[in-house]
Amino acid sequence: MASNGTNRGQGFIPQEIIRRVRDGIALSEAEVRFFVEALHDERLSEGQVAAFAMAVFFRGLTRDECVALTLAMKESGTVLDWSSHDLPGPVVDKHSTGGVGDKVSLILAPMLAACGAVVPMISGRGLGHTGGTLDKLESIPGYDVRPSDERFGEVLKEVGCAVIGQTASLAPADKRFYAIRDVTATVESIPLITASILSKKLAAGLQRLVLDVKVGSGAFIPEPDRARDLAHSLVEVANGAGLPCSALLTDMDQVLGLTAGHANEVLESIDHLTGKHREPRLHEVTVALAAELLQHTGLAEDAEAARARAQQVLDDGSAAERFAAMVKALGGPADLLQRPEHHLPLGSVERPVCPTRRGYLAKMNVRAVGLSLLAMGGGRRRTEDAIDPGVGLSRMQSLGTELGPEAPLCVVHARDEAQAEACARALLQAIELSDEAPAPRPVLHGRVAADPMTRGPEGQRTQR
Ligand code: URA
């Protein structure tokens, strides 16, 4: 390979790579690969990694650089290969950028399995004000989020879905990189988020991915334009790295569904699967994501058939059966669906949250709602913190509902009165009421699919 000034024969010079990014000069694939290898085996100091991250934060990366970064991070560890497992269907997954009350994974994975797909869903813990699927599953007694690779494969074959935690061997370079970004104010960079998310998904050996990119006050990236940029970046880089992928932009300007908090969300997911109650916005998002995967893996002929199939596996109970089978296979109670309240106890203090005046629910600061949960112990301040799965919110009303002194916003489940009182106060500060009913809001804000015509010219940097 021709020397470009960053290569001195024994490898590249890290500070020259950082300088090129800082000055907006595109890196070669070999330079990106060197950087990731040196990041992973700690030949690079934390300062060098941080400087690289900050340079990317301000300058962005081209799509080609981002694809190279994603692939290099994927290859820093184990890449799962399901080809010898004789699995019964296409291997698919969904990734959400996270929000409050987002329990879609718990419902979607068994729905897809019931439709004939195989879902090795490797999920994460809560970040900041958002809840993590892994933490929700850990509220189920006995559920093993870290099965051996062998057991993971067996459950996939038997049940068709297994939702488990990130293993240390998948994309380990991302682990070090993320930890440094987290303490250097460089998390919110679209190319770095893209490479971080996709390196782990690519390492899971998927054949197709759908992304749920949240938009609104409770989203990781709240601004609609930037959320759309993130969706485009994720879709183009995933496809560029060989993973067919599309994205839906979905609403996070209000809590998704009726609940937030770990045990509460598992209870709502069970009600949704069994048909006891299906909150319409949660239903719409889940069916739309299922339909994306079913249609584009050939499990359904077209969009209409895909939606019908998704609905059918909910209505005939087969999705609920898959969920129960997955929980049992991973060590959870065999009767979880028969006795959910027994296995998922909630905080003993229940308190309805009522505004002092009547009015329509016009606005919700969803981030503040998430933080009010975190303050009760339903989220983490530090990575090592334990979570209290029993605290949370239920019967959450949606935007446009009339509230008042006898018409609560939601019910708080807390450990004691003081906790419930503080949470109720924070929730009432997080909402705005109006005298007129606000216009109904859609839950689906758009779809992003790979389109070569929308790609920028070669060498064009993404927005940061
Ligand atoms: N989630 C990830 O896995 N990585 C990021 O960088 C941001 C969110």
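Residue indices begin from 1 for each chain and proceed along its sequence in written order. With pLDDT at 70 or above as the cut-off, local features in this predicted model cover only qualifying residues; side-chain atom pairs require 80 or more to be listed or tallied, and sums for whole chains, interfaces and linings still use all residues. Excluding hydrogens and water, the side-chain values take into account all heavy atoms of the structure.

Q: Hey, could you run me through the site of the ligand in this one?
A: Proximity criterion: a residue is near a molecule or strand once any of its heavy atoms comes within 4 Å of it. The full set of residues close to the ligand is Leu127, Tyr178, Arg181, Ile193, Ser196, Ile197, Lys200 and Phe220. Arginine 181 is positioned with one of its side-chain polar atoms (N or O) 2.9 Å from an oxygen atom of the ligand. One of the side-chain N or O atoms of lysine 200 is found 2.5 Å from an oxygen atom in the ligand. Considered on its own, the ligand offers 240 Å² of accessible surface; in the complex 89% of this is hidden by protein. Secondary-structure elements contributing two or more residues to the shell around the ligand are α8 (172-182) and α9 (190-203). Put simply, DSSP H or I for four residues or longer makes a helix, DSSP E for two residues or longer makes a strand, and each gets a number counted from the N terminus. Element by element, the count of residues in the shell around the ligand is highest for α9, at four residues. Here the shell around the ligand is built from residues that sort into five nonpolar, one polar and two charged. Identification of polar contacts relies on pairs of N or O atoms within 3.5 Å, with a donor-acceptor requirement for protein atoms, meaning one able to donate a hydrogen and the other able to accept it, and with residues adjacent in sequence counted only if both atoms are side-chain atoms. All accessible areas in this document rest on Shrake-Rupley with a 1.4 Å probe, and a residue is counted as covered only by the protein chains that are shown. For this classification, the nonpolar set comprises Ala, Val, Leu, Ile, Met, Phe, Trp, Tyr, Cys and Pro, the charged set comprises Asp, Glu, Lys and Arg, and every other residue, Gly included, is treated as polar.

Q: Explain unusual backbone geometry here, please?
A: What you tend to see is this: most non-glycine residues have negative phi, and most peptide bonds are trans. Within the chain, glutamate 42 stands out as a residue other than glycine whose phi angle is a positive 65°. Judged by its relative accessible area of 58%, glutamate 42 falls in the exposed class. Not every positive phi belongs to a glycine, and arginine 395 is a case in point at roughly 50°. Note on placement: arginine 395 falls in the loop between β8 (392-394) and β9 (402-403). Throughout, exposure labels follow a simple rule: accessible area from a 1.4 Å probe, protein chains only, divided by the maximum for the residue type, with under 20% read as buried, over 50% as exposed, and the rest as partly exposed.

Q: Explanation requested: the sheet that holds strand β12 (residues 444-449) in the structure shown.
A: Sheets are built from strands that pair by backbone hydrogen bonding, the pairs being arranged parallel or antiparallel. Sheet architecture is open: four strands sit in the order β1-β4-β5-β12, paired in mixed fashion. Strands with a single pairing partner mark the edges of an open sheet, and in this sheet they are β1 (92-96) and β12. Along the sheet, successive strands turn relative to each other by an average axial angle of 20°, direction set aside. Taken together, the seven bridges between strand β4 (residues 208-215) and strand β5 (residues 245-251) define a ladder with parallel strand orientation. Bridge pairing in β5 links lysine 214 to threonine 250. Against the sheet, α9 touches β1 and β4, its axis set at about 160° to β1. At least two DSSP bridges between two strands are required for those strands to pair. Here an angle of 0 to 180 degrees is reported between the N-to-C directions of two axes, which are lines fitted to C-alpha atoms, with helices fitted over the stretch in contact. Pairs of residues are marked as contacts when any of their non-hydrogen atoms sit within 4.5 Å.

Q: Can you walk me through the packing of helix α11 (residues 262-274) against helix α14 (residues 318-329) in this structure?
A: Between two packed helices, what matters for the description is the angle formed by their axes and the separation of those axes. At a closest axis distance of 7 Å, the pairing of α11 and α14 adopts a crossing angle of 140°. The orientation of α11 with respect to α14, classified from their angle, is oblique. Contact with α11, carried on its side by Ile270, Leu273 and Thr274, involves Ala319, Ala320 and Phe323 of α14 and no other residues of that element. For the contact of α11 with α14, the per-class residue count stands at five nonpolar, one polar and no charged. Angle categories are assigned with fixed cut-offs, so that under 35 degrees is roughly parallel, over 145 is roughly antiparallel, 65 to 115 is roughly perpendicular, and the rest are oblique.

Q: Which parts of the structure should I look at to understand the nonpolar core?
A: Note on soluble globular proteins: their nonpolar side chains tend to be buried together. Put simply, a nonpolar core is a bunch of buried Ala, Val, Leu, Ile, Met, Phe, Trp, Tyr and Cys residues held in one set by side-chain atoms that sit within 4.5 Å of each other. Core analysis: the biggest nonpolar cluster contains 124 residues, and Phe323, Met364, Leu393 and Leu409 have the highest contact counts within it. Listed in part, the 28 residues of the second largest apolar core include Val21, Leu44, Ala55 and Ala173.

Q: Is there a simple way to explain the domain arrangement of the chain in this structure?
A: For interface size, the figure often reported is the accessible area lost on association. Partitioning the chain into domains gives domain 1 (2-78), domain 2 (81-340) and domain 3 (345-434). For domain 1 and domain 3, the distance between their C-alpha centroids amounts to 44 Å. The domain boundaries here were taken from an automatic or database domain assignment.

Q: How do you make sense of helix α1 (residues 14-22) when you look at a structure like this?
A: Because an α-helix packs 3.6 residues into every turn, residues spaced three or four apart end up facing the same way. For α1, the set of buried residues is Pro14, Ile17, Ile18, Arg20 and Val21. The buried residues of α1 occupy an angular sector of 160° when the element is viewed end-on, so they sit on one face. Contacts made by the buried residues of α1 are with α2 (29-40) and α3 (46-59). Just downstream of α1 lies glycine 24, where phi reads positive at about 75°. Of all possible arcs, the one meant is that of the directions from the helix axis to the C-beta atoms.

Q: In this structure, what is going on with the pairing of strand β2 (residues 119-123)? I would like to understand it.
A: In summary, the side chains of a regular strand alternate between the two faces of the sheet. Most of β2 sits out of view: five of its five residues are buried. Where burial is concerned, the two faces of β2 agree: the one with Val119, Met121 and Ser123 and the one with Pro120 and Ile122 are both buried. Relative to strand β3 (residues 161-165), β2 is paired through five bridges, and the arrangement is parallel. If you follow methionine 121 over to β3, its bridge partner there is valine 163.

Q: Could you clarify how one ought to interpret the environment of glutamate 350 in this entry?
A: Note that glutamate 350 resides in strand β6 (residues 349-353). Residues glutamate 350 and alanine 420 lie 70 residues apart in sequence; the distance between their C-alpha atoms is 7.7 Å. Excluding residues within four positions of it along the chain, glutamate 350 makes contact with Arg395, Val411, Val412 and His413.

Q: Is there a simple way to explain the packing of aromatic side chains in this structure?
A: What describes a pair of aromatic rings is the distance from one ring centre to the other and the angle between the planes of the rings. Aromatic rings from Phe, Tyr and Trp, taking only the six-membered ring of Trp, are treated as a pair when their centres fall within 6.5 Å; an angle between ring planes under 30 degrees marks them as stacked, one over 60 as edge-to-face, and anything in between as tilted. For the structure on display, the rule yields five aromatic pairs. Seen from their ring centres, phenylalanine 52 and phenylalanine 177 are 6.3 Å apart, and the 45° between their planes marks the pair as tilted. One end of the pair, phenylalanine 52, is in helix α3; the other, phenylalanine 177, is in helix α8, and 125 residues separate them in sequence. Assessed through its relative accessible area of 3%, phenylalanine 52 is described here as buried. Measuring from centroid to centroid gives 5.5 Å for tryptophan 82 and phenylalanine 152, while their planes differ by 75°, and the two rings are edge-to-face.

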